Amino acid sequence: MYKKILVAVDGSENSKRAGKHAAKLATLSKDTEVTVVYVSDFNEDSQEKVHDGGQLEFELSRKKKVQSIREQLELNETFYKIEVMHGRPAPVIIEMANDGGFDLVVIGSRGLNPVSKILLGGVSQKVVNHANCPVLVVK
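Residues numbered from 1 in each chain as written. Predicted model: local features only at pLDDT ≥ 70, side-chain atom pairs only at ≥ 80, totals over all residues. Heavy atoms only, no water.

Quick note on the threshold: UniProt positions are given in the numbering used here, feature names are shortened, and annotations may be inferred rather than shown by experiment.
Going by what an unreviewed UniProt entry lists, the protein is known as Universal stress protein and is assigned to Planococcus donghaensis. Quoted verbatim from the Sequence similarities (unreviewed entry) heading of the UniProt record, the comment on the protein is "Belongs to the universal stress protein A family."

**Some remarks on helix H4 (residues 89-99)**
Rules: For every residue, the accessible area (1.4 Å probe, protein chains only) is compared with the maximum for its type, and the residue is labelled buried under 20%, exposed over 50%, or partly exposed between those bounds. Here a helix means four or more residues in a row that DSSP labels H or I, a strand means two or more in a row labelled E, and each is numbered from the N terminus. Contacts between residues were defined by any pair of non-hydrogen atoms, one from each residue, lying within 4.5 Å.
For H4, the set of buried residues is Ala90, Val92, Ile93, Ile94, Met96 and Ala97. In this structure, the buried side of H4 is in contact with strand S1 (4-9), strand S2 (33-40), strand S3 (79-86), strand S4 (104-108) and helix H5 (122-130).

**Describing the pattern of salt bridges**
What counts here: Whenever Lys or Arg places a side-chain nitrogen within 4 Å of a carboxyl oxygen from Asp or Glu, that contact is recorded as a salt bridge.
Following the criterion strictly, the structure yields 2 salt bridges and no others. The salt bridge involving Asp31 is made with Lys3; its shortest N-O contact spans 3.6 Å. In this pair, Asp31 is assigned in the loop between helix H1 (13-26) and S2 and Lys3 in the segment before S1, connecting sequence segments 28 residues apart. When its relative accessible area of 57% is taken as the criterion, Asp31 is described as exposed. We classify Lys3 as partly exposed; its relative accessible area is 36%. With a closest N to O distance of 3.5 Å, Glu13 and Lys16 form a salt bridge.

**Remarks on the environment of Thr32**
Convention followed: Within 3.5 Å is the distance limit for a polar contact, defined as a pair of N or O atoms, with the added protein rule that one can donate a hydrogen and the other accept it, and that residues adjacent in sequence qualify only through two side-chain atoms.
Within the secondary structure, Thr32 is located in the loop between H1 and S2. Residue Thr32 is classed as buried on the basis of its relative accessible area of 3%. Along the backbone, Thr32 and Tyr2 are 30 residues apart, and their C-alpha atoms lie at a distance of 6.4 Å. Non-local contacts of Thr32, meaning those with residues more than four positions away in its chain, are made with Tyr2, Lys3, Ile5, Ala26, Thr78 and Phe79. Polar side-chain contacts of Thr32 include one of 2.7 Å to the backbone oxygen of Tyr2.

Written out as structure tokens, the structure reads:
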């Protein structure tokens, strides 16, 4: 089955569902390793700092976005690691998928970006089109 799964999260409901699905897939083999990636977009960061008012709250906001997948993976006793990356989400996820030797990428169909509510989300569509491994889009 899948030995290395990359799951991209952003805190959206679709992202949480994608995380749950990745956690279920990981239980199919004891050797499966899951990498959870949250890509912090520079535009998003600058808006959050204004609203959150401090670095500590900013970090807590990021941790909340990966909390549900973390809990599910720990419940299933799955080996995982969390990567917080900076940049534009699609290119970062694609680079990780293509350079990291992943067997599967799991991503939500649409994220938190209001523009991505049209059809398939912009990030997930780019990942589907440019990742060298299979991509599972969860809605």
